[in-house]
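# Secondary and tertiary structure notes
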Amino acid sequence: MFRLKELRLECGLKRSKVAADLNMNAGTIANYENEIRQAPYECLLKFAEYYEVSVDYLLGRGEEEQPKNFNAGLVAEEVALLKNYRTLTPLAKQRINEYIELWQIRNE
């Protein structure tokens, strides 16, 4: 399942969120993502529907597709900021959040 983890990360989702949404175990999804176990056909269909891609694309066989847009309503600049934020260390995220809080206090 070549693209399962890639799709989840691209959508900015935690494995626990996907597991809850699909009523699955997060450990099972991890096994599928890391190709320790192969997902049964029914699970492949669930994943494909969830990310709004084809099963072929999910398995790395299809052409490029756009996964479900979990960032609907955001402008391109906001999506870029979110992507960059998601790559930061926890400490860097904490500092950015503190800066934003300080800025909000100063501009009230």
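Below is a short write-up of the structure. Given the structure is predicted, the values throughout are model-derived calculations rather than measurements.

Under the counting rule described, the total for this entry stands at two aromatic pairs. Measuring from centroid to centroid gives 6.3 Å for Tyr32 and Phe47, while their planes differ by 85°, and the two rings are edge-to-face. Residue Tyr32 is located in helix H3 (residues 26-33), and its partner Phe47 is located in helix H4 (residues 41-51); the two are separated by 15 residues in the primary sequence. Across the pair, Phe47 and Tyr32 agree in class, each one buried.

To continue, consider a nonpolar patch on the surface. On the surface, Ile96, Tyr99, Ile100 and Trp103 cluster together to form a nonpolar patch covering roughly 430 Å² of accessible area. Relative to the helices and strands, Tyr99 is located in helix H7 (residues 90-106). On the basis of relative accessible area, Tyr99 is assigned to the exposed category, the value being 56%.

Moving on, we come to the packing of helix H2 (residues 15-22) against H3. With their axes 9 Å apart at the nearest point, H2 and H3 run at an angle of 115° to one another. The angle between the axes of H2 and H3 places the two elements in the roughly perpendicular class. For the crossing formed where H2 meets H3, the hand is right-handed. Together, Arg15, Ser16, Val18 and Ala19 of H2 and Ala26, Ile29, Ala30 and Glu33 of H3 make up the contact between the two elements.

With 19 residues, the main nonpolar core has Val18, Met24, Tyr32, Phe47 and Tyr51 as its most contacted residues. Of all the elements in the fold, those that place two or more residues in this core are helix H1 (4-10), H2, H3, H4 and helix H5 (55-58). At five residues, H4 tops the list of elements feeding residues into this core.

Scanning the model with the defined rule gives three salt bridges in all. We note a salt bridge from Glu33 to Arg15, for which the minimum N-O separation is 2.8 Å. Of this pair, Glu33 sits in helix H3 while Arg15 sits in helix H2, placing them 18 residues apart in sequence. Owing to a relative accessible area of 7%, Glu33 belongs among the buried residues under this scheme. Through salt bridges with shared partners, a single ionic network connects Arg8, Arg15 and Glu33.

Time to look at H3. Residues Thr28, Ile29, Ala30, Tyr32 and Glu33 constitute the buried set of H3. Contacts made by the buried residues of H3 are with H1, H2 and H4. Backbone nitrogen of Gly27 and a side-chain oxygen of the N-cap are separated by 2.6 Å at the start of H3; the cap is Asn25. Directly beyond the C-terminal end of H3, a positive phi value near 60° is found at Glu35.

Moving on: the environment of Ser54. Relative to the assigned elements, Ser54 resides in the loop between H4 and H5. With 10 residues separating them along the chain, Ser54 and Leu44 place their C-alpha atoms 9.3 Å apart. Polar contacts involving the side chain of Ser54 include one to the main-chain amide nitrogen of Tyr57, which spans 3.0 Å.

Scoring rules and cut-offs
Residues numbered from 1 in each chain as written. Predicted model: local features only at pLDDT ≥ 70, side-chain atom pairs only at ≥ 80, totals over all residues. Heavy atoms only, no water. Phe/Tyr/Trp six-rings, centres within 6.5 Å; stacked < 30°, edge-to-face > 60°. Helix = DSSP H or I, 4+ residues; strand = E, 2+ residues; numbered from the N terminus. Buried < 20%, exposed > 50% of the residue type's maximum accessible area, 1.4 Å probe, protein only. Patch = residues over 30% accessible without salt bridge, like charges linked within 9 Å, V, L, I, M, F, W, Y side chains within 5 Å. Areas by Shrake-Rupley, 256 points an atom, 1.4 Å probe, with all protein chains shown as cover. Salt bridge = Lys/Arg side-chain N within 4 Å of Asp/Glu carboxyl O. Axes fitted to C-alpha atoms, helices over the stretch in contact; angles between N-to-C directions. Parallel < 35°, antiparallel > 145°, perpendicular 65-115°, else oblique. Left-handed = near helix turned anticlockwise from the far one by under 90°. Contact = heavy atoms within 4.5 Å. Core = buried A, V, L, I, M, F, W, Y, C linked by side-chain atoms within 4.5 Å. Polar contact = N/O pair within 3.5 Å; in protein donor to acceptor, adjacent residues only side chain to side chain.

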